[in-house]
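These are the residues of each chain, in order.
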Amino acid sequence: MGYSSLRSAIEDLRKAGQLLHIPEEVDPELEMAAIHRQINNIAGPAIYFEKVKGSPFPAVSNLFGTMDRARFLFRDELPLVKKVMKMKQDPSAILNRPWKHLGEIMAARKAFPQKTNTLTSLSGRCRLSDLPALRSWPLDGGKFITLPLVYTEDPELPGVKHSNLGMYRVQISGNEYLPEQEMGLHYQIHRGIGIHHTKAAAKNEPLRVTVFTGGSPAHTLAAIMPLPEGISELMFAGLLAGRKFHYGYHGGYFIPADADFVITGTIDHGTVKPEGPFGDHLGYYSLAHPFPVMKVDGVFHRKDPIWPFTVVGRPRQEDSVFGELIHELTGDLIPSEIPGVKEVHAVDEAGVHPLLLATGKERYTPYSEDQRPAELLTTANRILGTGQLSLAKFLFIATDSRQTPSVHDTKEFFRHMLERIDTQTDLHFHTETTADTLDYSGTGLNRGSKLVIAAGKMKRRTAEEKIPDGLNLTGCHSPTLILPGILTMSAPVWIAREEADKQLHRWATELGNYPGETFKGETRIPLVIFTDENTISATDAFRDWLWVTFTRCNPSHDVEGVNSFISYKHWGCKGSLLFDARIKKHHAPVLRPDEAAESRAEALIRKYSRTSR
């Protein structure tokens, strides 16, 4: 549906019975976020907050809370967008049969951004403190914009053709920020804005930035899309909205014509201040760290604007739907963007970036009987060198064959991998490298390690489906098989790195001394995970295991093995792999909601869910 404004999209949801209207005043301090989370957890409707305490503006959230609603919002454009993306995948099809692709060609031409002098987004002015920005979690350092669309242009090639539209959270109050004058711009590594900022610094110039919210829902999705080279975010927004992205300039700043709110300002090269803490999408707080400061020049809004927001936290949340929609639109492009790859899956339950699953082809030596991964390792390096996929911490990659399950069948894929890996040869570490800014399992901010685990076609073992009898490791208890071949044990609380290293080595030795070949050689339990007590529930064990294991492990420090060895700088082991997935002292706090806010939210939801029926 080609919405020209956020309000028109909300009205469409109202008519379709997909909107919960709360007319009572609601507090942006924890309460609005609690309402959002509770509604999102039950796959409920979008939520319209008519009155926000301390602000003259209404707000809306959970617009993209379910895949059905996301598809509903883009129902008219999605089929055509998918066809246009396929044109990118196979350009020769257009040359060979151009008459069959006239619709897609015309749609792509109509999607180019259009300059206009009619900037409805500049109808009014306000202050930062007037915005209904919220504090989502108890330890958040202030109020944040959680769906900010951040626009910059290349200082060397100004204009929309070389622009970047991204989504980087923005802190508008708290810490050391000058009230009404400054905002914290949290952009992480591997983000396009960083290139523009670097170029502006080289020219000794401030970088002009436009932060906006609202407008067509297509704007939000465009800002987070990992688009193929040659397709700009503004063009994609126009394509998905079914109408061109209209823009103009005011005071030297780029202005989106149809946005609900627009904030303009600049960031200097050397001005940084602590930003955070903030409850983030891995399920932990990202702590306070120095990030660029945006000096605010103006805060504008359209007539009758609506403030859109989301709430992030441990998956599954609204941003999980973004990931599913992105895969639906771009999944088929992966083989053309990364040669040798068949599928890639960033596992949402594990926090997205910590865990990638992939399948790839083995075509280097078809005449060879050697089953060891070869092209697969080249493919793994390509994956880890591609955009935000490079933030992955664990990459499990299997040879594509008739027996290989889809990476989206996570349980079966793990079983397939674990029955085929050779722990002596198939483990490949990247140490002292970059890591996701939000991941605190590493050695410092943006610092950590990676582990590629590759598996060939040959099946080496049948995964064990029973807990071994008499298993007794020092200080550990409650052995549980999460899946065939994956054993977890509750371990003592992590105290210090030196002690943890000794514990892992001791447990590896004890497993190696277990009778028989259970944990040695071609072990039927190739993966043993040590966790804190009560971190994996019986009701959702696999989901808990994914989150606990891959958000709390740093491969270089927290992986050990039975009969481990180093051979010419290659690390391997002759038995089970051990992962230490306990919380460490340097980890960020786990997100826990405010109970009072949750109770108030529950009462409001009960009250107005009845009225909305």
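Reading guide: rules and limits
- Residues numbered from 1 in each chain as written.
- Predicted model: local features only at pLDDT ≥ 70, side-chain atom pairs only at ≥ 80, totals over all residues.
- Heavy atoms only, no water.
- Helix = DSSP H or I, 4+ residues; strand = E, 2+ residues; numbered from the N terminus.
- Rg over C-alpha atoms; globule rule 2.2 N^0.38 Å.
- Buried < 20%, exposed > 50% of the residue type's maximum accessible area, 1.4 Å probe, protein only.
- Contact = heavy atoms within 4.5 Å.
- Areas by Shrake-Rupley, 256 points an atom, 1.4 Å probe, with all protein chains shown as cover.
- Lys, Arg positive; Asp, Glu negative; His and termini not counted.
- Charge placed at Lys NZ, Arg CZ, Asp CG, Glu CD.
- Pairing = 2+ DSSP bridges.
- Axes fitted to C-alpha atoms, helices over the stretch in contact; angles between N-to-C directions.
- Salt bridge = Lys/Arg side-chain N within 4 Å of Asp/Glu carboxyl O.
- Phe/Tyr/Trp six-rings, centres within 6.5 Å; stacked < 30°, edge-to-face > 60°.
- Lys NZ or Arg CZ within 6 Å of the ring centre and 35° of its normal.
- Polar contact = N/O pair within 3.5 Å; in protein donor to acceptor, adjacent residues only side chain to side chain.
- Core = buried A, V, L, I, M, F, W, Y, C linked by side-chain atoms within 4.5 Å.
- pLDDT = per-residue confidence, 0-100.
- Parallel < 35°, antiparallel > 145°, perpendicular 65-115°, else oblique.
- Left-handed = near helix turned anticlockwise from the far one by under 90°.
- Nonpolar A, V, L, I, M, F, W, Y, C, P; charged D, E, K, R; others polar.

### A word on the overall build of the protein chain
Secondary structure assignment for the protein chain yields 17 helices and 30 strands. Here the C-alpha radius of gyration of the protein chain, 25 Å, is about what a compact globule of 613 residues would show, namely 25 Å. By its C-alpha atoms, the protein chain is 75 × 65 × 55 Å across when sized along the principal axes. Within the protein chain, buried positions represent 58% of all 613 residues. Restricting to contacts in the protein chain with at least 6 residues of sequence separation, those with at least 24 account for 73%. Of the roughly 25400 Å² that the protein chain leaves accessible, carbon and sulfur atoms contribute 50%. Positive and negative charge centroids in the protein chain, built from 71 and 73 side chains respectively, lie 4 Å apart.

### Some words on the environment of P593
Tracing the backbone through its elements, the reader meets P593 in the loop between β30 (577-580) and α17 (595-612). Each C-alpha atom, one on P593 and one on L139, is 9.6 Å from the other, the two residues being 454 residues apart in sequence. Ignoring any residue separated from it by four or fewer positions in sequence, one finds P593 in contact with R37, W137, P138 and E598.

### Section: the pairing of strand β21 (residues 394-399)
Of all the six residues making up β21, six are buried; the element is thus mostly covered by neighbouring parts of the structure. Of the two faces of β21, both are covered, the one formed by F394, F396 and A398 as well as the one formed by L395, I397 and T399. In the sheet, strand β20 (residues 355-360) pairs with β21 via six bridges, with the strands oriented parallel. The residue of β21 that forms the bridge with T359 is A398. Summarising the sheet, β21 and strand β23 (residues 447-455) pair through five bridges and their orientation is parallel. Paired with F394 across the bridge in β23 is L451.

### Side note on the sheet that holds strand β3 (residues 59-61)
Here four strands make up an open sheet; going across it, the order is β1-β2-β3-β18 and the pairing mixed. Both edges of this open sheet fall to β1 (19-26) and β18 (307-309), since each of them pairs with a single strand only. The sheet shows a mean angle of 25 degrees between the axes of neighbouring strands, taken without regard to direction. Examined bridge by bridge, β1 and strand β2 (residues 46-52) share six bridges and lie parallel to one another. By the bridge assignment for β2, E25 is matched with K51.

### Observations concerning the pattern of salt bridges
Scanning the model with the defined rule gives 38 salt bridges in all. R75 is the salt-bridge partner of D12, the closest N and O atoms lying 3.0 Å from each other. Of this pair, D12 sits in helix α1 (residues 6-15) while R75 sits in the loop between α3 (67-73) and α4 (78-89); the two residues are 63 residues apart in sequence, bridging distant segments of the chain. A relative accessible area of 14% means that D12 is categorised as buried.

### Examining the packing of aromatic side chains
Applying the stated criterion across every chain yields a total of 25 aromatic pairs. Taken together, F394, F396, F414, F542, W545, F550 and F579 form an aromatic cluster joined through their ring pairs. The ring of W137 has R37 lying over it, and the distance from NZ or CZ to the ring centre is 3.9 Å.

### Comments concerning the side chain of D544
Secondary-structure assignment places D544 in helix α15 (residues 541-552). For D544, a relative accessible area of 7% corresponds to the buried category. Within polar-contact distance, the side chain of D544 engages the side chain of S537 at 2.7 Å.

### Some details on the nonpolar core
Counting residues in hydrophobic clusters, the biggest one holds 57 residues, and the most contacted among them are F74, L221 and F236. If you tally residues by element for this core, the top one is helix α9 (residues 233-241), at seven residues. L20, Y168, M183 and W307 belong to the second largest nonpolar core, which has 49 residues in total.

### Notes on the confidence of the model for the protein chain
Of all residues in the protein chain, 93% have pLDDT values of 70 or greater, and the mean over the chain is 90. Across residues 91-96, confidence stays below pLDDT 50; counting only partners more than four residues off in sequence or on other chains, it has five contacts. Per-residue pLDDT stays below 50 along residues 98-102; that stretch engages in five contacts with residues further than four places along the chain or on separate chains.

### Quick word on the packing of helix α8 (residues 217-224) against α9
With their axes 8 Å apart at the nearest point, α8 and α9 run at an angle of 140 degrees to one another. Classified by the angle their axes make, α8 and α9 are oblique. Crossing of α8 over α9 shows right-handed handedness. Residues A218, H219, L221 and A222 of α8 form the contact with α9, whose own contacting residues are E233, F236, A237, L240 and A241. Tallied by class, the residues present in the contact of α8 with α9 amount to seven nonpolar, one polar and one charged.

### Some words on the sheet that holds β20
Note on sheets: strands pair through backbone hydrogen bonds, and any given pair is parallel or antiparallel. One open sheet holds the five strands; their spatial order is β19-β20-β21-β23-β22, and the pairing between them is mixed. The outermost strands of the open sheet, each flanked by one partner alone, are β19 (341-346) and β22 (427-434). Geometrically, the sheet is characterised by an average inter-axis angle of 15 degrees between neighbouring strands, direction not taken into account. One ladder, built from six bridges, connects β22 with β23; its direction is antiparallel. Following the sheet pairing, T433 is matched in β23 by G448.

### A few points about the packing of helix α13 (residues 410-418) against α15
Orientation of α13 relative to α15, taken along the N-to-C sense of each, is 60 degrees, at an axis distance of 11 Å. Taken together, α13 and α15 sit at an angle that is classed as oblique. As for how α13 packs across α15, the hand of that crossing is left-handed. Of α15, the residues touching α13 (which contributes T410, K411 and F414) are F542, W545, L546 and F550.

### Observations concerning unusual backbone geometry
At the junction of G276 and P277, the peptide bond is cis and its omega measures out at 0 degrees in the coordinates. Its place among the elements puts P277 in the loop between β14 (261-275) and β15 (278-279). Going from P315 to R316, the amide bond is cis rather than trans, its omega being 20 degrees. For R316, the location among the structural elements is in the loop between β18 and α10 (318-330). Phi at E180 takes a positive value of approximately 70 degrees, unusual for a residue other than glycine. On the basis of relative accessibility, which here comes to 31%, the residue E180 falls in the partly exposed class. Of note in the backbone geometry, Y568 takes a positive phi value of approximately 50 degrees without being a glycine.

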